[in-house]
Structures are given as C-alpha cells and as structure tokens.
Amino acid sequence: MDAIVKTDFNFPGQKSVYKGKVRDVYNINDEYLIMVVSDRISAFDVVLPEGVPYKGQVLNQIASKFLDATSDIVPNWKIATPDPMVTIGHKCEPFKVEMVIRGYLTGSSWRAYKNGARTLCGLPLPENMKENQKFASPLITPTTKADEGHDENISKEEIIAQGLVSREDYELLEKYTYALFQRGTEIAAQKGLILVDTKYEFGKKDGKIYLIDEIHTPDSSRYFYADGYEERFAKGEKQKQLSKEFVREWLMDNGFQGLEGQKIPEMTPAVVNSITDRYIELYENITGEKFEKAECDHVQKRIEDNVNTCLKTLY
C-alpha cells in the first residue's frame, strides 16, 4: 500500500482546511469537521520524509474506539467514522490548553526532576522519587497549545489568571480528565498494560464542553507492559513501552533529535515496514483485537466516496 501523506479534497460545504503534522482537518460550513488521519509521522516536532502505511488507520480506529468507550463520562466530538482513516464530528472552539495527566514520573517530568525540579506545573513533588515511579495519585500538568513552536507547561492558577479558561470550566476539565484517565487505566489493565500518561483536548460548542481530537492512541499516550514492571522498576531498568518512543529512539540512534544542522536518517523500505508492523502491534495490544488492513487500492477515492456518503446523512 502507498502511504497517504497528502490529501487535497474538496467536500460539499467545505470552508477551509487545516493541515497539521499528521491530520488534515476539513471545515464543513463551520458546523462539522472531517479529520483525515494521514500516514505522515512526526517526531521531535518534525514531519519525517516517508509516510507509514496503515498508521493513519491505526490511530483513527484506536481513537474512535476510546471515544465510544468514554462517551458516558463526557460528550465527545465524534459523529461517525465513515472510513478507516476518517472521523467526522462537531466543530468546537478549542480551549487553548492541553490537559496532560501523568500517573508515573517518566519522560520530560523525570528529566526535570533529575535536574532538581520539585514542582511540576505548580504541583509539589516528593523527594527521593525514582524514574518510572507511580505517583500517589495522578497529576494534571497542563500545557499551553502553541500555534507555533513548543507547548509550554503552565499551572492551573496561571491558566485562570491569564483568562485562557474560566475557573468554572477548568474545574470541569479537571474532573473530566481524572475520570477519562481512570477509565483508560482500567481498560489498559484488562489488556496487561499500564496507561502511564496521556493528554486530552477539549472544546466548546453551544456552551457545552466536548472532548475533541484523538484519545489514548500511542501518539498521544505512553503505555508500559504491566508484566515485569515491578521487577524492572526495582532494578532501575528501562520499562518495556508501548508508544511512539521506538521511532524517537531509532532517530536518536542515528544521530537525529530535531536539532539545527542534524540530518534525518534515511528511511529505507525496511525501516518503514518495521514501523508499520510496530503500529499494528500497538493496535492489537491496546484494543485486544486483530488489525484488519483496509482495502488499499485507490485509497483517496475510497475516502472521498465514504465521506460524501456520510455528509448526505448530516444534511
């Protein structure tokens, strides 16, 4: 299958299109969004030169399943998934913060802690913690949503003081974030996994808060394998992860971390195929279901036909 790295659709009622690092989002009459999850892959804030076949399908279908599995907690933007690579949903006004929630001291939070930080987004951290140690209770560590450049950590009080989110809305976002993480943790445990950390995005439509974008995918979340976690933690060993981390590790092993002057290593067909295989493995582990590869001839036409059929049901 050819990877889908570029889309250029013109759907009925289309007003604009936003091309993100991975997703192409089509605005239909300022009422609905068509989110096409491409096969582009990014790391270190850089879109890599080769697409990864079936990656878009993996991410879209995982997000779709978790949106359905959490819709009793908070309304979400999804209306339909008319194609394996597409979700159609409500257009909401996004809040200008991302709700990051962490169950364990790992990744950037561990790097900051190791360098002496004892607060994270205004929250105090205990002394003598170790890498990958579980927090007594999950911590919400929000970030700003940057239009350009990197997202920045920010505290609850700064968010409210800057008027990014009202206190009333923020406290509702907190409540939803804890409940979603709890549900995600329970589902992961059933699959022999630990949901380590993740992020949620929310928006508003007609005065009501909705969960938007992806949820609990390997691009937005970090998972550990539960089996062997305690032993590895006790020995100070690296945890066995289920996330996009393996792509970042391959890049770092080949001298690339997104820094100026660094060259992206060659993504040979063998490398691309191995990334496809890992994404399919991620899908099957996270969902507990066998991955069914979508029909791969004329994918762009398939997407266009499926979306147009769905749009007719909305009007």
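Look up a bit, the structure's there.
What counts, and at which threshold
Residues numbered from 1 in each chain as written. Predicted model: local features only at pLDDT ≥ 70, side-chain atom pairs only at ≥ 80, totals over all residues. Heavy atoms only, no water. Helix = DSSP H or I, 4+ residues; strand = E, 2+ residues; numbered from the N terminus. Rg over C-alpha atoms; globule rule 2.2 N^0.38 Å. Buried < 20%, exposed > 50% of the residue type's maximum accessible area, 1.4 Å probe, protein only. Lys, Arg positive; Asp, Glu negative; His and termini not counted. Charge placed at Lys NZ, Arg CZ, Asp CG, Glu CD. Axes fitted to C-alpha atoms, helices over the stretch in contact; angles between N-to-C directions. Parallel < 35°, antiparallel > 145°, perpendicular 65-115°, else oblique. Contact = heavy atoms within 4.5 Å. Nonpolar A, V, L, I, M, F, W, Y, C, P; charged D, E, K, R; others polar. Core = buried A, V, L, I, M, F, W, Y, C linked by side-chain atoms within 4.5 Å. Phe/Tyr/Trp six-rings, centres within 6.5 Å; stacked < 30°, edge-to-face > 60°. Lys NZ or Arg CZ within 6 Å of the ring centre and 35° of its normal. Pairing = 2+ DSSP bridges.

Draft legend 1. Geometry of the overall build of the protein chain. Helices and strands together make up the secondary structure of the protein chain, namely eight helices and 17 strands. Relative to the compact-globule value of 20 Å for 315 residues, the protein chain shows a C-alpha radius of gyration of 20 Å, a close match. With the principal axes as the frame, the protein chain shows a C-alpha extent of 60 × 50 × 45 Å. The proportion of buried residues among the 315 residues of the protein chain is 50%. Distance between charge centres in the protein chain, computed from 41 positive and 50 negative side chains, equals 2 Å.

Draft legend 2. Geometry of the packing of helix 6 (residues 245-253) against helix 7 (residues 269-287). Interaxial distance between helix 6 and helix 7 falls to 10 Å at its minimum, and their mutual angle equals 155 degrees. When the interaxial angle is binned, helix 6 and helix 7 end up roughly antiparallel. Contact residues: Phe246, Val247 and Trp250 in helix 6; Val271, Ile275, Arg278, Tyr279 and Leu282 in helix 7. When the residues that make up the contact of helix 6 with helix 7 are grouped by side-chain class, the tally is seven nonpolar, no polar and one charged.

Draft legend 3. Molecular detail of the nonpolar core. If you look at the biggest cluster of nonpolar residues, it comprises 61 residues, and the most contacted ones within it are Phe202 and Ile275. Ignoring sequence-local partners within four residues, the contact set of Phe202 consists of Val74, Pro94, Phe95, Met99, Leu173, Tyr176, Thr177, Leu180, Ile209, Tyr210, Leu211 and Ile212. Among the nonpolar cores identified, the runner-up in size contains 17 residues, and Phe9, Val36, Met85 and Val307 belong to it.

Draft legend 4. Broad picture of the packing of aromatic side chains. If you walk through the whole model with that rule in mind, you get 13 aromatic pairs. Ring plane angle 85 degrees and centroid distance 5.3 Å describe the contact between Phe11 and Tyr26, whose orientation is recorded as edge-to-face. With a gap of 15 residues between them, Phe11 in the segment before strand 1 (14-19) and Tyr26 in strand 2 (residues 23-28) connect regions that are remote in the sequence. Neither Phe11 nor Tyr26 differs from the other in exposure class; each is buried. An aromatic cluster is built from Tyr104, Phe224, Tyr229 and Phe233, whose rings are joined through pairwise contacts. The ring centre of Tyr113 lies 3.7 Å from the NZ or CZ of Arg118, which sits over that ring. Lys240 extends its terminal NZ or CZ atom over the ring of Tyr225, reaching a point 4.2 Å from the ring centre.

Draft legend 5. Expanded view of the pairing of strand 15 (residues 208-212). With respect to burial, strand 15 is a largely interior element, four of its five residues being buried. In sequence, strand 14 (residues 193-205) turns back onto strand 15 through a hairpin of two residues, with Asp206 there showing a positive phi of about 50 degrees.

Draft legend 6. Molecular detail of unusual backbone geometry. A positive phi is found at Cys121, a non-glycine position, where the angle reads about 55 degrees. Examined against the element boundaries, Cys121 turns out to sit in the loop between strand 10 (119-120) and strand 11 (123-124). A relative accessible area of 13% means that Cys121 is categorised as buried. One non-glycine residue with positive phi stands out, namely Asp206, at about 50 degrees.

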